[in-house]
Amino acid sequence: MSLRNIDVQGRTVQVYEAGSGNPVLYLHGISDMHGLVDENCAFHDALAEKFSVIAPAMPGCVGSDEDNSLEGIDDLRFHTLEVMDTLDIDRIDIVGNCVGGWLAAEIAAHNPERVGKLAIISAPGLFISGEQIGDLFMAVQPLNGKIDDIRHMMFADGNGVLAEEWIPDQLTGKLQGMLRYKTFRCIARFGFKPPYFYDQKLIDRLYRFKGDALVVWGGEDSFVPISHATGYGEYLPNAIIEIIDGCGHAVQLEAPDAVAEKVTGFLS
Amino acid sequence: MQPVRMFCWHFMAYPHLPDDFDKNNESGWVTVPNKLWDGEKSRGLYQEYLGQLAYADELGFDGMVLNEHHQNIYGLMPSPNLLASALTQITKNGKIVVLGNLPPLYLNPLRVAEEYAMIDNMSNGRLIAGFAVGGGPEAFNYNVPSPQGRRRLWEAIDLIVKSWTDDGPFSHEGPCYPMRYVNIWPKPLQQPHPDVWVPGSRSIESMAEVAKRGYCYFLSSRSHGGGTRMAAKEFAGVMKDYGKTYTPFKMGVLLSVYVSETDEQARAESQEGIFYFLRNCLKGHLRKEGRSMTFGPGVPSQSLNSWEAFLDSSRAAAGGELLGDAKDWADLESKNSIMVGSPETVRKKLWEFVEDAKVGNLLIQFQFGNMKDELARKSMKLFAEEVMPAMRRDSAELFAKDFPMLDEMEAAL
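The following refers to the structure shown. (Residues numbered from 1 in each chain as written. Chains lettered and ligands numbered in written order. Predicted model: local features only at pLDDT ≥ 70, side-chain atom pairs only at ≥ 80, totals over all residues.)

**Let's talk about the overall build of chain B**
Secondary structure summary: chain B contains 17 helices and eleven strands in total. Compactness check: chain B gives a C-alpha radius of gyration of 21 Å against a globular reference of 22 Å for 413 residues, within 12% of the reference. Sequence-distant contacts in chain B: of pairs separated by 6 or more residues, those separated by 24 or more amount to 77%. (Helix = DSSP H or I, 4+ residues; strand = E, 2+ residues; numbered from the N terminus. Rg over C-alpha atoms; globule rule 2.2 N^0.38 Å. Contact = placed C-beta atoms within 7 Å.)

**Some points on the overall build of chain A**
For chain A, the helix and strand inventory stands at ten helices and eight strands. For 268 residues, the compact-globule formula gives about 18 Å, and the C-alpha radius of gyration of chain A, at 17 Å, lands near that figure. When the backbone C-alpha atoms are referred to their principal axes, chain A occupies close to 50 × 40 × 35 Å. Counting the 268 residues in chain A, one finds 53% classified as buried. Intrachain contacts of chain A at a sequence separation of at least 6 include 73% that bridge at least 24 residues. (Buried ≥ 20, exposed ≤ 12 C-beta atoms within 10 Å, placed from the backbone.)

**Things to note about the nonpolar core**
Across soluble globular proteins, you tend to see nonpolar side chains buried next to one another. B:Phe7, B:Cys8 and B:Phe235 are the most contacted members of the largest nonpolar core, which has 208 residues in total. Discounting residues that sit within four places of it in the chain, B:Phe7 has contacts with B:Phe61, B:Asp62, B:Gly63, B:Met64, B:Val65, B:Val97, B:Asn361, B:Leu362, B:Leu363 and B:Ile364. (Core = buried A, V, L, I, M, F, W, Y, C linked by C-beta atoms within 7 Å.)

**So, the sheet that holds strand β2 (residues 11-18) of chain A**
The strands that make up a sheet are held in pairs by hydrogen bonds between backbone atoms, and each pair lies either parallel or antiparallel. Residues and elements named next belong to chain A. Within the open sheet, the eight strands sit side by side as β1-β2-β4-β3-β5-β6-β7-β8. Their pairing is mixed. This sheet does not close on itself; its edge strands, each paired only once, are β1 (2-8) and β8 (238-244). Strand-to-strand twist across the sheet, computed as the mean angle between neighbouring axes with direction ignored, equals 20°. Sheet topology places β1 next to β2; seven bridges connect them, and they run antiparallel. Bridging across to β2, leucine 3 finds its partner in tyrosine 16. (Pairing = 2+ DSSP bridges. Axes fitted to C-alpha atoms, helices over the stretch in contact; angles between N-to-C directions.)

**Remarks on the pairing of strand β6 (residues 179-182) of chain B**
All names here are of chain B. As paired strands, strand β5 (residues 170-172) and β6 are joined by two bridges and run antiparallel to one another. What sits directly across from histidine 172, in β6, is methionine 179. Linkage of β5 to β6, two consecutive antiparallel strands, is achieved through a turn of six residues.

**What to know about unusual backbone geometry**
All names here are of chain B. Leucine 99 connects to glycine 100 through a cis peptide bond whose omega is -10°. Inspection of the secondary structure puts glycine 100 in strand β3 (residues 95-101). Residue proline 169 follows glycine 168 across a cis peptide bond; omega there is -5°. Note on placement: proline 169 falls in the loop between α7 (146-165) and β5. A positive phi is found at arginine 202, a non-glycine position, where the angle reads about 80°. What makes arginine 202 partly exposed here is the crowd of 19 C-beta atoms within 10 Å.

**Section: the interface of chain A and chain B**
If you look at the interface, chain A gives 24 residues, while chain B gives 24 residues. For the side of chain A that touches chain B, the secondary structure elements donating two or more residues are α4 (136-139) and α7 (174-191) of chain A. When the residues that make up the side of chain A that touches chain B are grouped by side-chain class, the tally is eleven nonpolar, five polar and eight charged. (Nonpolar A, V, L, I, M, F, W, Y, C, P; charged D, E, K, R; others polar.)

**Regarding the packing of helix α3 (residues 45-58) of chain B against helix α15 (residues 373-386) of chain B**
Residues and elements named next belong to chain B. Interhelical geometry of α3 versus α15 gives an angle of 15° and a closest axis separation of 10 Å. Relative to α15, α3 is oriented roughly parallel. With respect to the hand of their crossing, α3 and α15 are arranged in right-handed fashion. Contacts between α3 and α15 involve Glu48, Gln52, Tyr55 and Ala56 from the first element and Asp373, Ala376, Arg377 and Met380 from the second. (Parallel < 35°, antiparallel > 145°, perpendicular 65-115°, else oblique. Left-handed = near helix turned anticlockwise from the far one by under 90°.)

Purely geometric numbers; function is a separate question.
This is the structure we're talking about:
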């Protein structure tokens, strides 16, 4: 495992690398490595047992520079293509979790030639009428000093140990406080204003990605409704959907082995 | 020598909430159900509030202050310019301070340039033009991604001021608001342009932007004398870094005052309105109880450096205690955020503040929450007659002693 900083058009991007084998680009989410924590989790370790995992941190997350020109998902897609250029990645299998899954789907639709296989986990990004993506920004603002709402949005068991450990009411230290703030400041740049965590036109562009796709979802995701898994599954031409029962949005934390099994099986 | 300037500030709160509002609602902002609006009870409300501001003008205040808030019960001024426009017709002397319009909420900031220019002409040159980024609730209401607010604010301010000072038509190439034709009619009356005030809550980044343009910095977080003195010192330092000279009139501060005949009477008359303001109006804004919307990762407008400084601060260590968290009257008094008492008491408290902070623009809230018209007016009148004259006299002396360059600057004008 290693962490290094690369220079992408003058911006520092922190990149995590681990494992060996076929390379896989991992695009992170919120309750994830490079998001609310600065280290790899069980799911990433399982992935790295089979593949060479390359995981850049989004602008402003952990050691990556903020990018004030980032104003929407297109900018993030362009940034990520520049990261790939810098790493000499022409075409690669991509695994994207949460907002990273949305980003992966955008790259696949716009630049299908850069993507081998596509695996997305609990990804926002689609507009499905009447099936709103949750307001994460309101949910993270304390209600009577507590942020139960975001724990329930992220985890099937919002009162459970995992939820408490990942998103406690009181920040256990400055590092955790900064990681939370940086992650939300990053995602606010492309997820806050309408469209709220979606790109209205994405669903009708997904047909452009003809490769194999895997859609993994927690059966009780209350940030991105499960109907969005169906949306991705139907509009990506060669997709299979895997629902992990009893899990919420942070399915790769709640069931790391099950998710890793689906993803590694799909990529192998 | 110019004395301290005293302005009458109004929030225009919604005063007809049910008694159990606090118990049944998590916020007075954004999600506060508007079925609580009582149209019949609210008939004449704007007239009452405007009447208080017109009365401030009659009483000799240096000006009247309006502000912009949306979808809330704290301040019924989604468009302060409409009220400023009314004030141009019912007041004669005082400055009309709009503090401020929120340009990041608008697609085209030239609308603000135009309306301010109209108000300046309609008031015969009495506008003070304020601009603010908007708080967390406004981000939710108007879909402004918080990290982009400040960039939009400063591009808008610079464009607006340029539209007032430079002959048009010219084009503007900024990334947020590119314009082919900037050529506003009317231009403002005041030359080169109305004074510009910008609020901040002590972040160095905001102070620097204000200082380098020579505008007036308005400290929007209610602070006691010591906190305000620190802020004034920081701002003076930043101004010096940009080759400018600090004077007390380069800074303003928000205060809250209630005056009555005696201390006991002042407390008895004001506490209902003050606690309505603290419990209901500040819920969702400056109170831990309820849904906090003003500050935090969900509305991340502070830079990473500012957030880091916050995490290091005593406020974070205290669990983020805020004005609206005052438990009772004694707790409120100890916070020293609201000055309540007889003319003598308020004179003493206010003088301590001015002597300590040496800030030249005092923006004073007299009406709180559901406070009755006659009480707000009585407090304003007692203040104007029994506090204001002494403040003017003593502060002129103080400023003459501490800021001798003010005379030279006045002479140069």
